[in-house]
Each structure stands twice: as structure tokens, then as C-alpha cells.
Amino acid sequence: MQNKQTIIHPYKINSLSGLRVRLSLISLVLLVLSFSAVGCRNGKNTASSDGDTIPMKFAKNIIMVTHKNYTEVVLANPWRQGSVLQRYALVDSNHRDASIPEGFMRVDVPLRRCVVFTAAHMELIRMLGRTSSVKGVADAEYMHQPWLPAAISAGKITDCGNSMSPNIEKVMGIKPDAVLLSPYENSDYGRLEQLGVPLVQLADYMETSALGRAEWMKFYGRLMGCATEADSLVEDVCRQYDKVRKLAAHAKTAPQVMTERKTGAVWYMPGGQSTMGQMFRDAHADYAFGDDKHSGSLPLSAETVIDKASNADVWILSYNGDFNFSALASEYSGYGRLKAFKTKNVYGCGVDKSRYFDEVPFRPDLLLRDLTIIFHPELRLGATRYYHLIK
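Attention here is on the structure that accompanies the text. (Residues numbered from 1 in each chain as written. Predicted model: local features only at pLDDT ≥ 70, side-chain atom pairs only at ≥ 80, totals over all residues. Heavy atoms only, no water.)

### Topic: the sheet that holds strand β17 (residues 297–300)
Stage number 1. Taken together, the three strands give an open sheet; going across it, the order is β14-β15-β17, and neighbouring strands pair in antiparallel fashion. In this open sheet, the two edge strands, each paired with only one partner strand, are β14 (262–263) and β17.
Stage number 2. Taken together, the two bridges between β14 and strand β15 (residues 266–270) define a ladder with antiparallel strand orientation. The partner of T263 across the bridge, within β15, is V266.
Stage number 3. With respect to the sheet, helix α8 (residues 302–309) is in contact with β14, β15 and β17, its orientation differing from that of β15 by roughly 50°. (Pairing = 2+ DSSP bridges. Helix = DSSP H or I, 4+ residues; strand = E, 2+ residues; numbered from the N terminus. Contact = heavy atoms within 4.5 Å. Axes fitted to C-alpha atoms, helices over the stretch in contact; angles between N-to-C directions.)

Pasting the structure below:
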């Protein structure tokens, strides 16, 4: 689902296709898997212990266990500690007659006719080479896929409208195996829930680390029938991320960085324990709010931000449409008190024209590389992918 705001903050990588709420934790204990991190001790939210657990090194909000005839997937509910968001039983086409446990939503895999509501997951499906399985999309205008408009015009893919209020008749006409959408607090899917079609809740954005979110590709690979390719992609992303992190760690300096822009009376900054806060540390930078203990977004006053970040060496921001330094200066006179503004060391990402929201959720290594290039030009890692110096 897309959040149509005047200013979009790409740093909230754990937001819903670009901006929604946050999640908590799940943990694995021996063969008995429980959501101990969210206080579940009564066993009701545990995954089965009689199958083979698919290892997750970074993801905390998903458990997957393979059984003889199906794969069990359990997602944590981020808004109700100790409870489950959804339980799925992925039943392979070779085991259509398989029985599944009570309380699980059955999803026949691989998906052959699905509807996708988010840009990031459409891009992932493209990376996995399974776009032929996509028969419908919502929020198509936010999907930076060069081939998509032609596919919609040719009738190969149906445009189902806005993800917040999709055209139910068009969804029904597709006869999908599943609808892939992102959940939010107190989600109400209305008539979608009455179609009798599995709603696969793409809750990866709730993960508390960039690699944790990327690791959900293992789930999506099993949905699309390409588990091997997805697992390999996860390994590659983690390897590339760690390579850049180690390079950054050897840089001689750690410049102070600040982010975002003033929006109305509020200046939203990533919490020190947020995904972006962690990525700043991995890029060997001193985030102005790095000592903050929150994992979500901080709604702050402009004065608070300026007082805290006035000496930041680098300013990273996002924007829509045409944007330049003059436009930035005209937004708010208080920017003139910032060191990064005075030195014109401001980098921006045009999120409406770039593929940031399409790529970064499952390729955090690309974002970390951009940040490292900006913070440590002496490492000579090449040109940035998303950001450029605002002139």
C-alpha cells in the first residue's frame, strides 16, 4: 500500500511500501519455536516442532518450518504482543490433497495467478523471474517497472486501482491464487476478505533490521516456487552488505550525519535503533540521533533537530519532483544554522523518479553502498545509485 504524502522519507525502510508502522520480535529456542521476544509463554503462538526449521539469521518476525506435505509459516502480530498476525500452510502442487493443521490459511504454491499491491514485492518477483505469475496490480503508478504499462495496456496484467480501495470486481475477474498486500494496524480489507482468496500479508517492513527484511525473500521464494533462487539471493545480499560494512569500518573518520526535512511543524527523524539508524552505524557514520533508543520515527520540533544536528557534516534527504539548493533554502530559514547547509554538503534522492522504493527493501546492500560512498569518498567505491549532491 502506498502512502501519498507530499514528502516521502526513504529512510523509513521498515514502512509500508513507503510509510506505515513498526513490529516487535520473535525468537527461536531449540526445536520449540516461540515468540518469546513478544512475551508469549503459553505455547499458543509457537510453530510446530516436528518439522525442519528454515534457518533465519536476521529476521525476527517470521518462522518457517517444512513438513512432509506443506511448509508452515507463522508471522508475529506487531501491534498485539504475544499474538500471531497470520499462519499459513504453503501446499505444493504435488501434494494438493495434503491436510493442514487447524487455524492455518492454506496457500497452494507455486502461485500462478496473483495480485500484487506493492512496488517492492513486484520488483522482487521480477528479480526472481516470476512476473508471468502476476495477473493484477494495485498502485501501478508507484511501480517503476518499464515493462508494466505495456503489459497493462495489452491486457496481460489488470490494473486493480488504488491499494487502499482496490476494484474488487477486477480482482475477482482475475481469479487469483492469492493477493499479496502489506498489513497495517487494525487492517480492514473489507470485501477482499470475502473473496475466499488467501490474503498474504507482506509484513517484512516491520523487521527491525535491513537484512532481517531482506531475509523474508525466503518466504516469497517459496510462494513463487523458486526457493533456491530466493535463498541464493538472500545470501548474496547479505554477503555484499557485509563486504561494504567491513570496508566502511576501516575508514579513518566517522562524519556526523543528519536526515530528513522539516514537514509543517514537525521534523521526522529515524530513531537511533531504527533500520536507518543502524545503517548509518554500518556505514561508519555518527548519526546525530544515534543515541536514541527508539526503533521508529521521532516527531521532533525543528529547534530540537537543529540544536542536536547543527554540526552535522552531511545532510541526507529525499524529495519529490524538481528540487535544488535554492528550493531547499526557501523552505525554512532555520536550515541556515546547519553546518551541512552552510557547506552545501547536502545529498538528495528523488524518490518519485528513482527506483529507491522498488529496490532498497530487498537490496539494502545498494543503499549501504550509497551511504558509504557519501560518507567515505576516500574509499573510491564509485558513483552513487540513488543520491546526488543538491546544487
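So, next bit.
### Overview of helix α7 (residues 275–282)
Count 3.6 residues to each turn of an α-helix, and residues three or four apart come out pointing the same way.
Stage number 1. Three or more residues of α7 are buried, namely T275, M276, G277, M279 and F280.
Stage number 2. Of the residues one or two after α7, H284 is the one with positive phi, at around 60°. (Buried < 20%, exposed > 50% of the residue type's maximum accessible area, 1.4 Å probe, protein only.)

### What to know about the pattern of salt bridges
Pairs can form between side chains of opposite charge once their charged atoms are near each other.
Stage number 1. Summed over the entire model, instances satisfying the criterion amount to 21 salt bridges.
Stage number 2. Here D242 makes a salt bridge to R245, at a shortest N to O gap of 2.5 Å. Within this pair, D242 and its partner R245 are both found in helix α6 (residues 227–249), separated by three residues, close to a single helical turn.
Stage number 3. Close ionic contact of K246 with D242 constitutes a salt bridge, the shortest N to O distance being 3.2 Å. A residue pair is termed a helical-turn pair when its members lie 3 or 4 positions apart in one helix, as K246 and D242 do in helix α6 at four residues.
Stage number 4. Residues joined in a network through salt bridges with shared partners are E123, R126, R355, E359 and R385. (Salt bridge = Lys/Arg side-chain N within 4 Å of Asp/Glu carboxyl O.)

### A short note on helix α1 (residues 119–127)
Stage number 1. A large share of α1 lies buried, amounting to seven of its nine residues.
Stage number 2. If you check which residues of α1 are buried, you get A119, A120, H121, M122, E123, L124 and I125.
Stage number 3. Positive backbone phi, approximately 70°, marks G129, located one or two places after α1.

### Observations regarding the packing of aromatic side chains
Stage number 1. In total, this model carries 17 aromatic pairs according to the counting rule given.
Stage number 2. Between F325 and F341 the ring centres are 4.7 Å apart and the planes differ by 25°, which places this aromatic pair in the stacked class. Of this pair, F325 sits in helix α9 (residues 325–331) while F341 sits in helix α10 (residues 339–342); the two residues are 16 residues apart in sequence, bridging distant segments of the chain. Comparing F325 with F341, the two get one shared label, buried.
Stage number 3. Site record: aromatic cluster; members linked through ring pairs are Y88, W216, F219, Y220 and F362. (Phe/Tyr/Trp six-rings, centres within 6.5 Å; stacked < 30°, edge-to-face > 60°.)

### Remarks on the pairing of strand β11 (residues 178–181)
Stage number 1. Judged by which residues are buried, β11 turns out to be covered on both faces: A178 and L180 on one side and V179 and L181 on the other are all buried.
Stage number 2. Relative to β11, strand β8 (residues 114–116) runs parallel, the two being bridged by three bridges. Within β11, the position partnered with V116 by the bridge is L180.

### Section: unusual backbone geometry
Stage number 1. Cis peptide bonds are those with omega within 30 degrees of zero, and the linkage from V109 to P110 qualifies with 0°.
Stage number 2. Note on placement: P110 falls in the loop between β7 (105–109) and β8.
Stage number 3. Within the chain, D139 stands out as a residue other than glycine whose phi angle is a positive 55°.
Stage number 4. Note on placement: D139 falls in the loop between β9 (134–137) and α2 (148–153).
Stage number 5. A positive phi angle, close to 55°, is found at R380, a residue other than glycine.
Stage number 6. When you line up the elements, R380 lands in the loop between α12 (364–375) and β20 (388–389).

### Considerations on the environment of G221
Stage number 1. Looking at the secondary structure, you find G221 in helix α5 (residues 217–224).
Stage number 2. A residue is classified by how much of its surface remains accessible, and G221, at 0% relative accessible area, is buried.
Stage number 3. Taking the C-alpha atoms as reference, G221 lies 9.0 Å from P110; in sequence the two are 111 residues apart.
Stage number 4. If sequence neighbours within four positions are ignored, G221 has contacts with L128, C226, A227 and A230.

### Observations regarding the sheet that holds strand β10 (residues 158–159)
Stage number 1. Reading across the sheet, the five strands line up as β10-β9-β8-β11-β12 and stay open at both edges, with parallel pairing between neighbours. The open sheet has two free edges, formed respectively by β10 and β12 (199–201), since each of these has just one partner strand.
Stage number 2. For β8 and β9, the ladder comprises three bridges, and the chain directions are parallel. Note on β9: the bridge partner recorded for V115 is G136.

### Some remarks on the side chain of S274
Stage number 1. In this fold, S274 is placed in the loop between β15 and α7.
Stage number 2. Setting aside anything within four residues of it in sequence, one finds S274 in contact with H294, S295 and G296.

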